[in-house]
Amino acid sequence: MVRNSLNVRERGKGKANGNGVPLVLVHGFPFDSSMWEKQLDGLGDEMWVVAPDMPGMGQSEPFELHREASMNDYADAIADWAGSRGIEKIMLAGHSMGGYIAFAFARRHPEMLAKLILVATRPGADNEAGKEGRYKMAAGVEEKGAVVAADAMLPKLFAPATYEDHKELVESVRGLILRQEKRGVIDSLHAMAGRPDSSPDMARIKVPTLIVSGAQDAIIPATEADNMHRGIDGSRHVVVQDGGHLLMLEDARAFNKAIREFA
Ligand code: MLT
């Protein structure tokens, strides 16, 4: 077992959420829990919301591994954190890489999953070219730091209008990426490169599931959300029209509404 104590941002503790089930918001790559500030602020008065920093990102310690990190390690870190707090079930929301972690969590800790929210993510694994790109980026980060990830990702993270109308948001996300330590960024890249295809798991997901996608996402094509909606029995799909890959920041009002109506 990989033990890690996670740094978390937390609001609304004590709010019922259907018998004390927290909404756990898992960030994507290469971010940290501050991605969810608008959800902590916007939903924290109504429900118990927890946003952890994944190991090696934000203020959480990196894994102590003598091998490459995997999605299972991140999923187990969340389960260990919940266990250490005496939390039996969570409503798990994963954004992009956080969604890859959520699929691993659903496989490994199904008894802990009350509801699932898949945000701008996909079930499939990387193809060979994709894996090669991850290792190339990891080598670049090792040499030059998180700036390599910031330069590669930033042009794809937002809807076109966000770059024009909300330059301060774009700059603040750049700053967030630049603050990340190399180790955490590299571990995430290795875990994404090695992740399995979670498509066969979709039919086994029996908890209520919400899929949220950005109509202008330049990283995850719209077809991925349609595919998950078809593959997960009884799932609900909400499209945020003005959202790109970082829809929870670009249109927090629409995003939070979707969560509120589902939770
Ligand atoms: C993320 O936002 O987590 C990443 O874009 C996911 C990926 O690169 O596959």
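Residues numbered from 1 in each chain as written. Predicted model: local features only at pLDDT ≥ 70, side-chain atom pairs only at ≥ 80, totals over all residues. Heavy atoms only, no water.

> Explain the sheet that holds strand S2 (residues 23-26) to me, and be specific about the residues and the numbers.
One open sheet accounts for 7 strands, arranged S1-S3-S2-S4-S5-S6-S7; its pairing is mixed. Edge strands, defined here as strands with exactly one partner in the open sheet, are strand S1 (8-11) and strand S7 (236-240). Each neighbouring strand pair of the sheet contributes to a mean axis angle of 20°, computed without reference to strand direction. As defined by bridge partners, S2 adjoins strand S4 (residues 90-95) across 4 bridges and the pair is classed as parallel. (Pairing = 2+ DSSP bridges. Helix = DSSP H or I, 4+ residues; strand = E, 2+ residues; numbered from the N terminus. Axes fitted to C-alpha atoms, helices over the stretch in contact; angles between N-to-C directions.)

> An account of the layout of surface pockets is requested, with residue identities and associated values reported.
Put simply, the largest pocket is a space of about 300 Å³. Arg122, Arg134, Met153, Lys156 and Ile219 are, among the 20 residues lining the largest pocket, the residues nearest its centre. Elements that contribute at least two residues to the lining of the largest pocket include exactly helix H4 (97-108), helix H5 (128-144), helix H6 (147-153) and helix H9 (182-194). Here the element with the most residues in the lining of the largest pocket is H5; it accounts for 4 residues. (1 Å grid on protein atoms, 1.4 Å probe; cavity = no way out; pocket = protein on both sides within 12 Å on 5 of 7 lines; lining within 4 Å. Points joined across faces, edges and corners; volume = space filled by probe spheres on them.)

> I'd love a proper account of the site of the ligand, names of residues and values included.
Around the ligand lies a shell formed by Gly28, Phe29, Phe31, Ser96, Met97, Tyr100, Arg122, Arg134, Met153, Met192, Ile219 and His245. Within the complex, 96% of the 270 Å² of free accessible area of the ligand lies under protein. At a threshold of 2 Å from the grid points, most atoms of the ligand map onto the largest pocket. Of the residues contributing to the shell around the ligand, the split by class is 7 nonpolar, 3 polar and 2 charged. (Near = heavy atom within 4 Å. Areas by Shrake-Rupley, 256 points an atom, 1.4 Å probe, with all protein chains shown as cover. Sits in = over half its atoms within 2 Å of the grid points. Nonpolar A, V, L, I, M, F, W, Y, C, P; charged D, E, K, R; others polar.)

> Residue-level account of the packing of helix H3 (residues 71-84) against H4, with values.
Two elements in contact, H3 and H4, have axes separated by 8 Å at closest approach and are oriented at 70°. As far as their axial angle goes, H4 and H3 are roughly perpendicular. Mapping the contact onto sequence places Met71, Asn72, Tyr74, Ala75, Asp76, Ile78 and Ala79 in H3 and Met97, Tyr100, Ile101, Ala104, Phe105, Arg107 and Arg108 in H4. Of the residues belonging to the contact of H3 with H4, the class tally is 10 nonpolar, 1 polar and 3 charged. (Parallel < 35°, antiparallel > 145°, perpendicular 65-115°, else oblique. Contact = heavy atoms within 4.5 Å.)

> Residues and numbers for the packing of aromatic side chains, please.
Summed over all chains, the structure comprises 3 aromatic pairs. Seen from their ring centres, Phe63 and Tyr74 are 4.9 Å apart, and the 70° between their planes marks the pair as edge-to-face. Note that Phe63 is positioned in the loop between strand S3 (49-52) and H3 and Tyr74 in helix H3, a separation of 11 residues in sequence. Its relative accessible area of 0% is what places Tyr74 among the buried residues. Here the aromatic rings of Phe158 and Tyr163 are separated by 5.5 Å at their centres, their planes lie at 90°, and the arrangement is edge-to-face. The ring of Phe262 carries Lys115 above its face, with NZ or CZ at 5.2 Å from the centroid. Lying across the ring of Tyr100, Arg195 places its NZ or CZ 3.8 Å from the centre. (Phe/Tyr/Trp six-rings, centres within 6.5 Å; stacked < 30°, edge-to-face > 60°. Buried < 20%, exposed > 50% of the residue type's maximum accessible area, 1.4 Å probe, protein only. Lys NZ or Arg CZ within 6 Å of the ring centre and 35° of its normal.)

Geometry only, nothing functional implied.
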